[in-house]
Amino acid sequence: AQSVAQPEDQVNVAEGNPLTVKCTYSVSGNPYLFWYVQYPNRGLQFLLKYITGDNLVKGSYGFEAEFNKSQTSFHLKKPSALVSDSALYFCAVSAGTYKYIFGTGTRLKVLA
Amino acid sequence: SAVISQKPSRDICQRGTSLTIQCQVDSQVTMMFWYRQQPGQSLTLIATANQGSEATYESGFVIDKFPISRPNLTFSTLTVSNMSPEDSSIYLCSAIDTLVQYFGPGTRLTVT
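Residues numbered from 1 in each chain as written. Chains lettered and ligands numbered in written order. Predicted model: local features only at pLDDT ≥ 70, side-chain atom pairs only at ≥ 80, totals over all residues. Heavy atoms only, no water.

A. View of the overall build of chain A. Within chain A, the regular secondary structure consists of 0 helices and 12 strands. Helices and strands in chain A line up, N terminus first, as β-β-β-β-β-β-β-β-β-β-β-β. Whereas a compact globule of 112 residues would reach a radius of gyration of roughly 13 Å, chain A reaches 13 Å, a difference of no more than 12%. Principal axes of the C-alpha set define a box for chain A whose edges measure 40 × 30 × 20 Å. (Helix = DSSP H or I, 4+ residues; strand = E, 2+ residues; numbered from the N terminus. Rg over C-alpha atoms; globule rule 2.2 N^0.38 Å.)

B. Quick look at the interface of chain A and chain B. Each partner contributes to the interface: chain A provides 20 residues, whereas chain B provides 22 residues. Both faces considered, chain A and chain B share a buried interface measuring about 1600 Å² in area, 61% of it formed by carbon and sulfur atoms. Considering only the surface of chain A that becomes buried against chain B, A:L44, A:Y98 and A:F102 emerge as the three largest contributors, covering 33% of it. At the junction of chain A and chain B, the tally comes to 1 salt bridge. Breaking the side of chain A that touches chain B down by element, the ones donating at least two residues are β5 (32–38), β6 (44–50) and β10 (87–94) of chain A. With 4 residues, the single largest contributor to the side of chain A that touches chain B is β5(A). For the side of chain A that touches chain B, the per-class residue count stands at 11 nonpolar, 5 polar and 4 charged. (Contact = heavy atoms within 4.5 Å. Buried area = accessible area lost by both parts, 1.4 Å probe. Salt bridge = Lys/Arg side-chain N within 4 Å of Asp/Glu carboxyl O. Nonpolar A, V, L, I, M, F, W, Y, C, P; charged D, E, K, R; others polar.)

C. Up close: the pairing of strand β8 (residues 75–80) of chain B. Residues and elements named next belong to chain B. Counting buried positions along β8 gives 6 out of 6 residues, so the element sits mostly inside the fold. By the alternation rule, side chains of β8 split into F75, T77 and T79 and S76, L78 and V80, which are all buried. Where strand β7 (residues 68–72) meets β8, 3 bridges bridge the pair, whose relative direction is antiparallel. Bridge pairing links I68 to L78 in β8. Adjacent in sequence and paired antiparallel, β7 and β8 are bridged by 2 residues. (Buried < 20%, exposed > 50% of the residue type's maximum accessible area, 1.4 Å probe, protein only. Pairing = 2+ DSSP bridges.)

Here it is as structure tokens:
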């Protein structure tokens, strides 16, 4: 069965510092991995995906994520956090089908 | 990437009534989805809507309560029937475009 875990309910980081939001997954076969961001009273906004190829994927707003097959992880990173990055972040996994399994979400708070 | 709009953006309804939520995609897509999300929490898939066939419902969701229409490749509706306060939630539609799910802004439903 597919599953995805976001072990941190909330991550606090100072503005200008690097940030990491963690995601681990379990899936049979090759995973398709995604990150989304949700601002208050908005829908989910696609940030980036890993389907195949280079383990480091770059996405919108300066975010990137690294696919680590041995650790079954797909952590979201950004070199320098902005206050405007404060939002709810969701990791999702698919086993190549249309069905996504979403994590429970991690609230990122960037402190000025 | 697909751009998705939803109507209404929010509504307050009385128990026992029904509400129909509309979802419009700016391009033709094969698969559309309906999710439910409690504020600040993860997403729960209600059903998958394919054009020309009946919607496929997830465990815990039934057609009588959540009838779905998919009359063409750019449009779908979800009806929340015979509402109770437990139906108060955010309802999101999404569509797949080149392996990525894109989301509408959501409909915030409050049932009194």
